[in-house]
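Remarks on the overall topology
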Amino acid sequence: MQASSVAAVSPASQPISQTTSARRWTVEEVLALYEMPLMDLIWRAQGVHREHFDPNAIQRSTLLSVKTGGCSEDCSYCSQSARYDTDTERERLMPLDEVVAAAQAAKAKGASRFCMGAAWKGPKDNDLDRVLDMVREVKALGMQTCVTLGMLKDGQAEKLKEAGLDYYNHNLDTDKDFYGQVIKTHTHDDRLDTLDQVRDAGINVCSGGIIGMGESRKNRAALIVQLANLPKPPESVPINNLVPIPGTPLADNPRLDPFEFVRTIAAARIAMPTSWVRLSAGRQAMSDELQTLCFLAGANSMFYGDRLLTTDNPDVDRDDQLFARLGVKAV
Ligand code: SAM
Ligand code: DTB
Ligand code: SF4
């Protein structure tokens, strides 16, 4: 097992970027986790979880799509690609005051982090300048800041850091060997390059993936390995269950067994013991009981708010009730 370098409980407000990972995982080792009986796997994941985190605390981030639709990329799952005929309308970059108002509302409802997403291959410098203002203003509200803007060019990560950015979300999304079957307009190596830039700029890394896209269990295990074996594991690891979007190539993909999703959460928890593992897209289609199984398997973060980027998320009342029923506190 990996040696721990953090205190038993790590508050959400404290990035755990000082954590180092000496442990390198192999695909065979993570596959072996997937193949454990589910009860044994959850037991092990919960044990790892309790070594590093308060098991009754869940971090909540609210998402806002600040630039929706019209994206040049061909990601087969995405409602925002200009290449597919989906219900998502193309919109311009949102004005600063509307973004700040949304962040204030999210803070009032109890979100600790505000994550702004843009449907870009990557930001142009003049667009980045406007996002920098958003980061500064949201930070000034006392919230943690996160953006997901696509691939970064030299110097852009440093500007985001100077503006006060806490986290940059950039998912590896799927195993390197499966990537080309889902996305052809950029590569897995392009994603790694941006993650390096974010890391080098001193911004916390948020990187995870999507499951249920037709990948094999081995592909899922390989994705976990590629995340865990980054020079430093991401501080935050979103695990998205595919939200099927009519009009995209993956619209009619067969649904994954929900227990396979739970296994993926558990494998991520065990392979990345000190990372915040986020139960991300797909909660709207999950029962309260399935979400609870994900928390038991080591998920300790989620998106909170009625919308993700272009699709629905459980409304905050349902989430508040679930937290109360479980005796879970938000951090
Ligand atoms: N354009 C930027 C990028 O690709 O990094 C930022 C926005 S993009 C929508 C952020 C992430 O949302 C993707 O990397 C993917 O993991 C997730 N995502 C997008 N559509 C999804 C869907 N239909 N189901 C689950 N996750 C999805
Ligand atoms: C992440 O891993 N999931 C979020 C966030 N990072 C940006 C996005 C989920 C999008 C789900 C589909 C949609 O709403 O468009
Ligand atoms: Fe564009 Fe990001 Fe959607 Fe890919 S996932 S099409 S890069 S918005």
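Up top is the structure.
Overview of the structure. (Residues numbered from 1 in each chain as written. Chains lettered and ligands numbered in written order. Predicted model: local features only at pLDDT ≥ 70, side-chain atom pairs only at ≥ 80, totals over all residues. Heavy atoms only, no water.)

**A closer look at the pairing of strand S8 (residues 276–279)**
Burial along S8 is two-sided: the face carrying Trp 276 and Arg 278 and the face carrying Val 277 and Leu 279 are both buried. Strand direction decides the pairing type here: strand S7 (residues 236–241) and S8, joined by 4 bridges, are parallel. Counterpart to Pro 238 in the pairing with S8 is Arg 278. As paired strands, S8 and strand S9 (residues 301–303) are joined by 2 bridges and run parallel to one another. Residue Arg 278 lies in a different strand from S9, and its bridge partner there is Ser 301. Taken together, S8, helix H10 (residues 288–296) and S9 form a β-α-β motif whose crossover is right-handed. (Buried < 20%, exposed > 50% of the residue type's maximum accessible area, 1.4 Å probe, protein only. Helix = DSSP H or I, 4+ residues; strand = E, 2+ residues; numbered from the N terminus. Pairing = 2+ DSSP bridges. Right-handed = clockwise from strand over helix to strand, strands pointing away.)

**Points about the side chain of His 186**
Turning to its location among the elements, His 186 is positioned in the loop between helix H6 (176–182) and helix H7 (188–200). Of the residues examined, His 186 reaches a relative accessible area of 5% and is grouped as buried. Polar contacts involving the side chain of His 186 include one to the side chain of Glu 73, which spans 2.6 Å. Side-chain polar atoms of His 186 contact the side chain of Tyr 179, separated by 3.0 Å. (Polar contact = N/O pair within 3.5 Å; in protein donor to acceptor, adjacent residues only side chain to side chain.)

**With respect to the pairing of strand S2 (residues 113–118)**
The buried fraction of S2 is high, at 6 of 6 residues. Of the two faces of S2, the one holding Arg 113, Cys 115 and Gly 117 and the one holding Phe 114, Met 116 and Ala 118 are both buried throughout. In terms of strand pairing, strand S1 (residues 57–67) meets S2 through 6 bridges, oriented parallel. Bridge pairing in S2 places Lys 67 opposite Ala 118.

**Focus on the site of ligand 1**
Contacts to ligand 1 come from 18 residues, most closely from Tyr 77, Asn 171, Asp 173, Arg 191 and Val 243. Between ligand 1 and Ala 118 there is a distance of 3.3 Å, counted from a nitrogen atom to a backbone nitrogen or oxygen. Between Trp 120 and ligand 1, the recorded distance is 3.2 Å, taken from a backbone N or O atom to a nitrogen atom. When the free accessible area of ligand 1 is taken as 550 Å², the share hidden by the protein chains comes to 89%. Tallied by class, the residues present in the shell around ligand 1 amount to 9 nonpolar, 7 polar and 2 charged. (Near = heavy atom within 4 Å. Areas by Shrake-Rupley, 256 points an atom, 1.4 Å probe, with all protein chains shown as cover. Nonpolar A, V, L, I, M, F, W, Y, C, P; charged D, E, K, R; others polar.)

**Examining the environment of Lys 159**
In this fold, Lys 159 is placed in helix H5 (residues 156–163). The spatial distance from the C-alpha of Lys 159 to the C-alpha of Asp 173 is 25 Å, given a sequence separation of 14 residues. Contacts of Lys 159, omitting those with residues within four sequence positions, involve Leu 128 and Leu 132. (Contact = heavy atoms within 4.5 Å.)

So yeah, pure geometry; function would need other evidence.
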